[in-house]
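For reference, the chains in residue letters:
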Amino acid sequence: MYIETPRTLIALAFAVLTAPALADDCATVKSAMLNSGHTPHSLILTQTDGQGKKTVTRQVQTVDNKYVQRSDGKWYAMNIAIKDLNDDLSGLLTCRRSGSDSVNGEFTVVYQVHMNLEGQVSDQKIWVSSKNMILKSEGVIEGARYTTDYDFAHVTPPANAIPMGGK
């Protein structure tokens, strides 16, 4: 009995100390989303539809412009500055820390996130670095699977981008 009491106290103390962290999971995820979205970055988005067809889209977001490479290989420039990006994350419903992992050699905390943004419901797995940046996300929206890999170190706009409408 003497041995069990300290173990019980340790377990109780651990539960009390970690409870606030669990309650703050959505705040952490929202903060990482805003921080990542407002930092110049490049990303590779792979979409796999219900029939298994994959489409890869590349994007580069600089301070002043967004560049998108479509599946035909052409790059398009959109006059969308980081400051103009949407900050409304009110549709974030539930977030749960689900473990840790490594992305490109960098330690991350993994979160399970259920979102409903403007009627579009998704369930995602998001990898957040110690720098509060999203390094990877996976999700399902309307039967299609999405994987996004973020890169904050290599943000070079393409020289041959075709201007598109925008702001």
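## As for the packing of aromatic side chains
No. 1: In total, this model carries 1 aromatic pair according to the counting rule given.
No. 2: A centroid spacing of 6.4 Å and a plane angle of 5 degrees characterise the contact between Y150 and F152, whose relative ring orientation is stacked.
No. 3: Residue Y150 is classed as partly exposed on the basis of its relative accessible area, which comes to 21%.
No. 4: With a relative accessible area of 23%, F152 lands in the partly exposed category.
No. 5: Its end group placed over the ring of W127, K136 keeps NZ or CZ at 5.0 Å from the ring centre.

## A closer look at the state of the cysteines
No. 1: Using the criterion set out here, one finds 1 disulfide in the structure.
No. 2: The residue that forms a disulfide with C26 is C95, at a sulfur-sulfur distance of 2.2 Å. Here C26 and C95 share a disulfide; its torsion about the S-S bond, 100 degrees, makes the bridge right-handed. Taken together, the residues span a long stretch of sequence, with C26 in helix α2 (residues 25-37) and C95 in strand β5 (residues 92-103) at a distance of 69 residues.

## Notes on the side chain of D25
No. 1: Here D25 shows up in helix α2.
No. 2: Residue classification places D25 among the buried positions, given a relative accessible area of 1%.
No. 3: Among the polar contacts listed, one links the side chain of D25 to the backbone nitrogen of R97, at a separation of 2.8 Å.
No. 4: Here D25 is in contact with C95, R96, R97 and Y111, once residues within four sequence places are set aside.

Reading guide: rules and limits
- Throughout, residues of each chain are indexed from 1 in the direction in which the sequence is written.
- Two thresholds apply to this predicted model, a pLDDT of at least 70 for residue-level local features and 80 or more for giving and counting side-chain atom pairs, whereas whole-chain, interface and lining totals are computed over all residues.
- Hydrogen atoms and water are omitted, and side-chain values are computed over all heavy atoms in the structure.
- Any Phe, Tyr or Trp ring, taking Trp's six-membered ring, that has another such ring centre within 6.5 Å forms a pair; planes under 30 degrees apart are called stacked, those over 60 apart edge-to-face, and the others tilted.
- Per-residue accessibility, obtained with a 1.4 Å probe over protein chains only, is compared with the maximum for each type, and a residue is labelled buried under 20%, exposed over 50%, and partly exposed between these values.
- Definition used: whenever NZ (Lys) or CZ (Arg) falls within 6 Å of the ring centre and also within 35 degrees of the ring normal, the charge is taken to sit over that ring.
- Note on disulfides: each one is a pair of cysteine sulfur atoms within 2.5 Å.
- Helix and strand definitions follow DSSP, with helices as H or I runs of at least four residues and strands as E runs of at least two, each counted in order from the N terminus.
- Any N or O atom pair separated by 3.5 Å or less is treated as a polar contact, with the protein-specific requirement of one donor-capable and one acceptor-capable atom, and with residues adjacent in sequence counted only for side-chain atom pairs.
- Whether two residues are in contact is decided by their heavy atoms: any pair within 4.5 Å suffices.

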